[in-house]
Amino acid sequence: MDTKQIVTRMAPSPTGRFHVGGIRTAFYNYAFARQKGGTFILRIEDTDKERNDEAYEQEVYEVFSWLGMDYDEVYRQSEHLPRHQEVLRELIEKGLAYEAEDANDGTGKVIRFKNPNKSITFTDQILGEVTVDTTDLGDFVIARNIDSPLYHLAVVIDDHDEDVTNVIRAQEHLANTPRQILLIEALGFDLPTYAHVPFILGPDGKKKLSKRDANVAALDYRDDGYLPEALLNFLAFIGWNPGTDQEVFSKDELIKTFSLDQVQKGPGGFNLDKLAWLNKQHLNKLSDEEFANYLEPEMTPIRSLPGFDQDIWMKVLPIVRERTHSFVDVRQMIESGDLGYYFADPDLDPQAIVWKKGTVEGTITHLAKVLKMLEGYKGAWDRESLEALLYPYAEEVGKGNVLWPLRYSLSGKDKSPDPFSLLVILGPEVSKRRVQQGIELTKKAA
Ligand code: GLU
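Attention in this report is confined to the structure presented alongside it.

Parameters at a glance
Per chain, residue numbering runs from 1 following the sequence as it is written. Given that this is a predicted model, residues contribute local features only at a pLDDT of at least 70 and side-chain atom pairs are listed and counted only at 80 or more, while totals for whole chains, interfaces and linings are drawn from all residues. To obtain the side-chain values, all non-hydrogen atoms of the structure were included, while hydrogens and water were left out. Here a helix means four or more residues in a row that DSSP labels H or I, a strand means two or more in a row labelled E, and each is numbered from the N terminus. Atoms counted for the radius of gyration: C-alpha only. Globule rule: 2.2 Å times the number of residues to the power 0.38. In this scheme, a residue with accessible area under 20% of its type's maximum is buried, one over 50% is exposed, and one in between is partly exposed, where area comes from a 1.4 Å probe on protein chains only. Throughout, a residue-residue contact means that at least one pair of heavy atoms, one from each residue, lies within 4.5 Å. All accessibility values rest on the Shrake-Rupley procedure with a 1.4 Å probe; residue burial counts only the protein chains present in the view. Take a side-chain nitrogen of Lys or Arg and a carboxyl oxygen of Asp or Glu: if they are within 4 Å of each other, that pair is a salt bridge. Note on ring pairs: Phe, Tyr and Trp rings are taken, using the six-membered ring of Trp, and paired if centres are within 6.5 Å. Classes follow the plane angle, with under 30 degrees stacked, over 60 edge-to-face and the rest tilted. Only when the NZ atom of a Lys or the CZ atom of an Arg is both within 6 Å of the ring centre and within 35 degrees of the ring normal do we say a charge sits over the ring.

### Here we look at the overall build of the protein
Here is step 1: Counting its secondary structure elements, the protein contains 18 helices and 12 strands.
Here is step 2: Taking 2.2 N^0.38 as the reference for a compact globule, 446 residues should give roughly 22 Å; the C-alpha atoms of the protein span a radius of gyration of 31 Å, well beyond that estimate.
Here is step 3: Its C-alpha atoms give the protein principal-axis dimensions of roughly 100 × 50 × 35 Å.
Here is step 4: Per-residue burial for the protein yields a buried fraction of 49% across its 446 residues.
Here is step 5: Long-range pairs, those at least 24 residues apart, make up 73% of the contacts in the protein between residues at least 6 apart in sequence.
Here is step 6: When the accessible surface of the protein is split by element, carbon and sulfur atoms take 49% of a total near 21300 Å².

### Here we look at unusual backbone geometry
Here is step 1: In this structure, Asn117 is a non-glycine residue whose phi angle is positive, near 50°.
Here is step 2: Tracing the chain through its elements places Asn117 in the loop between β5 (109-113) and β6 (119-124).
Here is step 3: The exposure class of Asn117 is partly exposed, given its relative accessible area of 40%.
Here is step 4: A positive phi angle, near 60°, is found at Asp163, a position not held by glycine.

### Quick word on the pattern of salt bridges
Here is step 1: In total, this model carries 32 salt bridges according to the counting rule given.
Here is step 2: A salt bridge links Arg76 to Glu57; its shortest N-O distance comes to 3.0 Å. A residue pair is termed long-range when its members are at least 10 positions apart, and Arg76 in strand β3 (residues 73-76) and Glu57 in helix α2 (residues 54-67) qualify at 19 residues.
Here is step 3: The partly exposed category is assigned to Arg76, whose relative accessible area is 29%.
Here is step 4: Owing to a relative accessible area of 4%, Glu57 belongs among the buried residues under this scheme.
Here is step 5: Salt-bridge contacts for Arg331 lead to Asp224; the nearest nitrogen and oxygen are separated by 2.6 Å. In this pair, Arg331 sits in helix α13 (residues 327-335) while Asp224 sits in the loop between α6 (218-223) and α7 (228-236), placing the two residues 107 residues apart along the sequence.
Here is step 6: For Asp224, a relative accessible area of 15% gives the class buried.

### Describing the packing of aromatic side chains
Here is step 1: With the rule as written, the count across this model stands at 22 aromatic pairs.
Here is step 2: On the numbers, 6.0 Å between centres and 70° between planes, the contact of Phe18 with Phe64 is edge-to-face. One end of the pair, Phe18, is in the loop between β1 (7-10) and α1 (20-35); the other, Phe64, is in helix α2, with 46 residues separating them in the sequence. The same class applies to Phe18 and to Phe64, which are both buried.
Here is step 3: Plain terms: the ring middles of Tyr391 and Phe420 are 5.6 Å apart, the flat faces sit at 15° to each other, and that makes the pair stacked. Here Tyr391 is found in helix α16 (residues 383-397), whereas its partner Phe420 is found in helix α18 (residues 419-445), with 29 residues between them in sequence.
Here is step 4: An aromatic cluster is built from Phe18, Phe27, Tyr30, Phe40, Phe64 and Tyr71, whose rings are joined through pairwise contacts.
Here is step 5: When the ring centre of Phe140 is taken as reference, the NZ or CZ atom of Arg179 above it lies at 5.8 Å.

Shape descriptors only; they carry no functional weight alone.
As structure tokens, this is what we get:
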């Protein structure tokens, strides 16, 4: 039995914002290593001096920390330059690589690998057996010069030196693998097991996921209020499923269940509705206090609503919670005025206060009756008591005739929670004042 300790790595190049698809690749590496009791390495491939940006590197760390993907070792590829140079010299000395004119620009020289021109076969854990004739690749470039080794060489040396056993990476790297295997063989290194993860497609299921479809920067998902576990759950399921009906997985459950053998060969689609649904399932697991903490990044505009009141907000929270899949919904509630009326009297539209099957006169009569009942009422201001107080009348004259104008007087909205929820939250004083305003408004329209 092979008892080799499993070592995986995620090797992002800090040349752009960390992509949401990169989270999936990282997570597969992470889950595989954790499941096998192995080691997970983060290697920043910062050798492209022109395109590297320190801010992008910091973003990588931020993404990993936000998602709770802890790595056991972290490296920056640039720190390995002396080792890369040493190997490069060795290849040249052995006649396995040589300096040549750069066919592309004709100005400088490059270092090329002497391609043995053979057929390569390897078993990919996702794609199965892959065979490539490397003759077409020619003597490919492995360094610009002795001080600038390029990706193929650097990645092969680092994977070897870091004892990486499994290279799990995006399928766009599949074309690079034969070159890397040739180098591995030339250097006498052990071949890692490869797994090339399929592409993520946009919602149309045809093209690769792009900015036009959805946010592609990983941290945008944090800023939009997706929980780490929900996002990992969602991404893990693009191109993989455990073959059961269970869809909602915690991070630990994913780690336990994940299997490279069940990753599909073909691309998987990215569906934002599915993400919203999953996020809701994960939000459901939060306690009230945790949910309030979760909303904290969105609280500034809420606290700036005219008349904002913390006690009322605590009563509104369950309603907000029920409607929230992510911050996208919360922002929409703020924007559409669905939170404003809890704190400040709404502007009422005389056209909207009368129920579609009701009349102006009826509306005035019913609201006046409701107001009278509320004014005479001394009992507990809770849902059950208020229903007991008002429902018999509403049922007698037609529920819509009473409950529509009541609800509209309280919220000023065609759509809002039911009038009893609003009465309870707003309390007796504000409720009565708003019903009075509703009556006056309707009278004006008469
Ligand atoms: N640095 C490469 C990239 O950002 C990945 C290298 C690899 O996984 O082999 O795409």
